[in-house]
Amino acid sequence: MSAAAKKVEKSADAYRSIGEAADELGLQPHVLRYWEGKFTRHLKPLKRPDGRRMFRPEDMEALRAIQLLVHERGMTLKGAQQLINEQGIARVLAGQATLSAGSQDVPQRSPARELQESIRTAFASGEKAVSEDSDSRERLESMLADLVDIKARLDKARLAKAA
């Protein structure tokens, strides 16, 4: 029997190790540890005597809300934190959280993520035309790879700085 076949679905009320939580969300464990340091008000996993983190159901909801805001809506961590603090995790998960137009600290989208998304969009929409021009396609693929590499380096630097 393969490892995937042995995997058992956990109850929504079950606690999850950092590995299980990361797998469930499709993220790396170091991302969860980093978010834990940034969202101390909403992420409070229990620590076992051996130091391992156990994420409670409310921690999983907070992680899903952060993931939605940061990865799907492209917000910065600071913007996501502000929105969650102001309107709550439940409203974010329900899709009811909205940005207040009059706020001085309106959560903003990450400029790097916007650039990355615009190149992805341009690449996808121009794929047919670009496929005929292999030089253009190679340049776009190179630019996208460079952006992904830059983002990975920035994330690594931020993690090192936070540690």
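This section reports on the structure supplied with the text.

So, on to the packing of helix 2 (residues 18-25) against helix 4 (residues 57-72). Interaxial distance between helix 2 and helix 4 falls to 11 Å at its minimum, and their mutual angle equals 40 degrees. Here helix 2 lies oblique to helix 4, going by the angle between them. Crossing of helix 2 against helix 4: the hand is right-handed. For the pair helix 2 and helix 4, contact is made by A21, E24 and L25 and by M60, L63, R64 and Q67, respectively. By residue class, the composition of the contact of helix 2 with helix 4 is four nonpolar, one polar and two charged.

On to helix 2, then. Quick reminder: α-helices carry 3.6 residues per turn. Residues three or four places apart thus point the same way. Those residues of helix 2 lying buried are I18, A21, A22 and L25. Projected onto a plane normal to the axis of helix 2, the buried residues spread over an arc of 100 degrees and lie on a single side. Summarising the contacts, the buried residues of helix 2 are in contact with strand 1 (16-17), helix 3 (29-38), strand 3 (53-55) and helix 4. Looking one or two places after helix 2, you find G26, whose phi comes out positive at around 75 degrees.

Let's shift gears to the pattern of salt bridges. Close approach of charged atoms allows side chains of opposite charge to pair. Counted according to the given criterion, the structure contains seven salt bridges. Across the pair K47 and E36 runs a salt bridge whose closest N-O atoms are separated by 4.0 Å. Taken together, the positions of K47 in strand 2 (residues 46-47) and E36 in helix 3 put the pair eleven residues apart, joining distant regions of the chain. Overall, E36 belongs to the buried group, its relative accessible area being 13%. Between R53 and E36 there is a salt bridge; the shortest N-O distance is 2.5 Å. Of the two residues, R53 sits in strand 3 while E36 sits in helix 3, which places them 17 residues apart along the sequence. Exposure class is identical for R53 and E36. Each is buried.

Pairing within the open sheet is antiparallel, and its three strands lie in the order 1-3-2. Every interior strand has two partners, whereas the edge strands, strand 1 and strand 2, have only one. Note: strand 1 against strand 3, two bridges, orientation antiparallel. Paired with R16 across the strands is F55, a residue of strand 3.

Conventions used here
Residues numbered from 1 in each chain as written. Predicted model: local features only at pLDDT ≥ 70, side-chain atom pairs only at ≥ 80, totals over all residues. Heavy atoms only, no water. Axes fitted to C-alpha atoms, helices over the stretch in contact; angles between N-to-C directions. Helix = DSSP H or I, 4+ residues; strand = E, 2+ residues; numbered from the N terminus. Parallel < 35°, antiparallel > 145°, perpendicular 65-115°, else oblique. Left-handed = near helix turned anticlockwise from the far one by under 90°. Contact = heavy atoms within 4.5 Å. Nonpolar A, V, L, I, M, F, W, Y, C, P; charged D, E, K, R; others polar. Buried < 20%, exposed > 50% of the residue type's maximum accessible area, 1.4 Å probe, protein only. Arc of directions from axis to C-beta. Salt bridge = Lys/Arg side-chain N within 4 Å of Asp/Glu carboxyl O. Pairing = 2+ DSSP bridges.

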